[in-house]
Amino acid sequence: MDNLSKKADSAIIHLNNAGASLPPASVLKAMTDYLTLETEIGGYEAADLKTAEIRRFYTSTARLLNAKPENIAFCGSATDAFSRALSSIVWKPGDVVLTTENDYASNQIAFLALQKRYGISLVRAKDIPAGGVDVEDMARLIQQHHPRLVAVTHVPTNSGLIQPVEAIGRLCRAEGCLYLVDACQSAGQMPLDVQEIGCDFLSATLRKYLRGPRGAGFLYASDRVLKDGYELAIPDMRAATWTSADEYVTQPGAQRFEYWEMPIALVLGSTAAIDHALERGLPQIHQRINHLSDLCRNLLQEIPGVAVLDKGEHLCGIVTAHAAHWEPASLMAALKAQRINCRISPLVAAQIDFRKKGVEWALRISPHEYNTEVEILKAVEVFGSYEL
């Protein structure tokens, strides 16, 4: 078996997969083999020699999303991909961005920056009491504001919530709204189908549940986006071709969202990671992660003084919990002493969600399929190791 696990020879319990997963051996090999080749024959020459392997990034990512290779662009991260999509829109004062109350901090900062620079309006649909965006409120706001862009984070980094991106996609298609989905935390954790979601853009990273390298991500751009001429605000000679002294022609496919300088080792490592996920099977990965996260939530709920914070009709592999008697630094020190990797999500990561929940931080436990039930038990034991 490829190192499905990380732990046969390691005492580390890695439950920070919503931060960065441990890559399988195939990812490390793809990158180190390529870097070795660069040292032997040169960077340009190595890239030329690996042209076919580089192209496989686009076909593998397309398979992951039920898309076409020409709709895929390599980017440096999910935020990089998200920003490239935003940069392709010609913003005008009064344009509306419609989003949710459960969003990634960087995305919200980007929207606020657009509001400050271009005079757009930022509108947030409300949540339902059970958790997650109110789709009916989203429909009402679409009718009221006719937004330039609807943007939704599929899985917020600070919660186990799964947003109903397919239902929102149907609303956007019916009204012709541009639709951007942040799949940073869902790519590799669960099946993704851009045809079912109905999005115009989808951004994701490799370092989280896809088990790929840091510094790598991708952007999906729909046929409509390509046909309607969306492109980088400042393209370069990969995104476009300089055809005469005063003219350039944009690339026909999603390559228009790329820059010429690309980290080929990371591209090849990303391909290996995506192929690994496809071979394992996204439904099977999703089922295993859900089993471990459900176990974790059930065990945490049995501990006096601990509140599990995840809300929503459908939950995923990110488990968040809070206990007033713990101080974040002390909790992290206790986990580190047991060689357990988890993460604290602070208030700055979830200004709206955490204030509604009445907390300033949450412990985030995020298992992957390579984790075990025993590892979940050990992490929960640390959280419960106090005296009232």
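Residue positions are counted from 1 within each chain, in the order its sequence is given. pLDDT decides what is reported in this predicted model: residues at 70 or higher carry local features, side-chain atom pairs at 80 or more are listed and counted, and totals for whole chains, interfaces and linings draw on all residues regardless. Hydrogens and water are ignored here; the side-chain numbers use all heavy atoms of the structure.

Novice: What is the right way to read the packing of aromatic side chains from this model?
Specialist: Centre-to-centre distance and the angle between the planes together describe a pair of aromatic rings. Side-chain rings of Phe, Tyr and Trp, where Trp is taken by its six-membered ring, are said to pair if the distance between their centres is within 6.5 Å; with planes under 30 degrees apart they count as stacked, over 60 as edge-to-face, and otherwise as tilted. Scanning the model with the defined rule gives 6 aromatic pairs in all. Seen in terms of ring centroids, Phe57 and Tyr58 are 5.2 Å apart; in terms of plane orientation they differ by 85°. Their pairing is edge-to-face. Here Phe57 and Tyr58 have matching classes, each one buried. Ring geometry for Phe201 and Phe257: centres 5.8 Å apart, planes at 90°, overall edge-to-face. Of the two residues, Phe201 is situated in strand β7 (residues 201-205) and Phe257 in the loop between β10 (247-250) and α10 (264-280); the sequence distance between them amounts to 56 residues. Summarising the burial analysis for this pair, Phe201 and Phe257 share the class buried. In textbook terms, an aromatic cluster arises when at least three aromatic residues are bridged by ring pairs, as seen for Phe57, Tyr58 and Phe74. Burial here depends on accessible area, computed with a 1.4 Å probe over protein chains only, as a share of the maximum for the residue type. Under 20% is buried, over 50% is exposed, and the range in between is partly exposed. Helix numbers and strand numbers start at the N terminus; a helix is a DSSP run of H or I with at least 4 residues, a strand a run of E with at least 2.

Novice: Before we go on, may I ask you to explain the nonpolar core in this structure?
Specialist: Most often, soluble globular proteins have nonpolar side chains that are buried together. Only buried Ala, Val, Leu, Ile, Met, Phe, Trp, Tyr and Cys residues count toward a nonpolar core, and they belong to the same one when joined by side-chain atoms within 4.5 Å. Formed by 64 residues in total, the largest nonpolar core has its most connected members in Leu65, Met138, Val150, Tyr179, Leu202 and Phe218. The leading source of residues in this core is α10, at 9 residues. Residues are treated as being in contact if the distance between any of their heavy atoms lies within 4.5 Å. Aside from chain neighbours lying at most four places away, what touches Met138 is Leu98, Thr99, Thr100, Ala125, Val133, Val150, Val152, Ile168 and Leu171.

Novice: Is there a simple way to think about the packing of helix α11 (residues 282-301) against helix α14 (residues 373-383) in this case?
Specialist: Two quantities define a packed helix pair, namely the angle between the helix axes and the distance between the axes. Orientation is described by lines fitted to C-alpha atoms, with helices fitted over the stretch in contact, and by angles between N-to-C directions that extend from 0 to 180 degrees. The interhelical angle for the contact between α11 and α14, taken along N-to-C directions, is 30°, at an axis separation of 10 Å. With respect to their mutual orientation, α11 and α14 come out roughly parallel. For the element pair α11 and α14, the recorded crossing hand is right-handed. Between α11, through Arg288, His291, Leu292, Leu295, Cys296, Leu299 and Leu300, and α14, the contact on the second element is made entirely by Glu373, Ile376, Leu377, Val380 and Phe383. Under this grouping Gly is polar, as are all residues other than the nonpolar Ala, Val, Leu, Ile, Met, Phe, Trp, Tyr, Cys and Pro and the charged Asp, Glu, Lys and Arg. Among the residues forming the contact of α11 with α14, the class breakdown is 9 nonpolar, 1 polar and 2 charged. Should an angle fall under 35 degrees it is called roughly parallel, over 145 degrees roughly antiparallel, and 65 to 115 degrees roughly perpendicular, with every other angle called oblique. The hand of a helix crossing depends on one turn: near helix anticlockwise from the far one by less than a right angle means left-handed, and clockwise means right-handed.

Novice: I'm lost on the sheet that holds strand β15 (residues 361-365) in this one. Help?
Specialist: Pairing between the strands of a sheet comes from backbone hydrogen bonds, and it takes one of two forms, parallel or antiparallel. By definition, two strands form a pair when at least two bridges between them are found by DSSP. If you trace the 4 strands from one edge of the open sheet to the other, you get β11-β12-β15-β14, paired in antiparallel fashion. Here the strands that pair on one side only, and so sit at the sheet edges, are β11 (306-308) and β14 (343-346). Pairwise comparison of adjacent strand axes, ignoring direction, gives a mean angle of 35° for this sheet. With 3 bridges connecting them, β11 and strand β12 (residues 319-323) associate as antiparallel partners. Within the sheet, the bridge partner assigned to Ala307 lies in β12 and is His322.

Novice: Sorry if this is basic, but what is going on with the state of the cysteines here?
Specialist: The term disulfide refers to a covalent linkage connecting the sulfur atoms of a pair of cysteines. Sulfur atoms of two cysteines make up a disulfide when they are within 2.5 Å. Taken as a whole, this structure holds 0 disulfides when the rule is applied. Cys296 takes part in no disulfide bond, and the closest cysteine sulfur to it belongs to Cys342, at a distance of 7.8 Å. With relative accessibility at 4%, the residue Cys342 sits in the buried group.

Novice: How should α10 be read in this particular structure?
Specialist: Each α-helix winds once per 3.6 residues, and so residues spaced three or four apart point in a common direction. A rise of 1.5 Å per residue sets the reference length of α10, with its 17 residues, at 24 Å; its end C-alpha atoms lie 24 Å apart and thus fit the reference within 8%. Judged by how many residues are buried, α10 sits mostly within the fold: 14 of 17 residues are covered. Of the residues flanking the end of α10, it is Gly281, one or two places downstream, whose phi is positive at about 100°. By this rule, a helix spans an expected 1.5 Å times one less than how many residues it contains.

Novice: Even after reading the chapter, I still don't get the environment of Ile162, so can you show me in this structure?
Specialist: Positionally, Ile162 belongs in the loop between β5 (149-153) and α7 (165-175). Given a relative accessible area of 17%, Ile162 falls into the buried group. Here the alpha-carbon distance between Ile162 and Tyr370, two residues 208 residues apart in the chain, equals 22 Å. For Ile162, the residues in contact, after removing those within four places along its chain, are His154, Val155, Met190, His314, Leu315 and Cys316.

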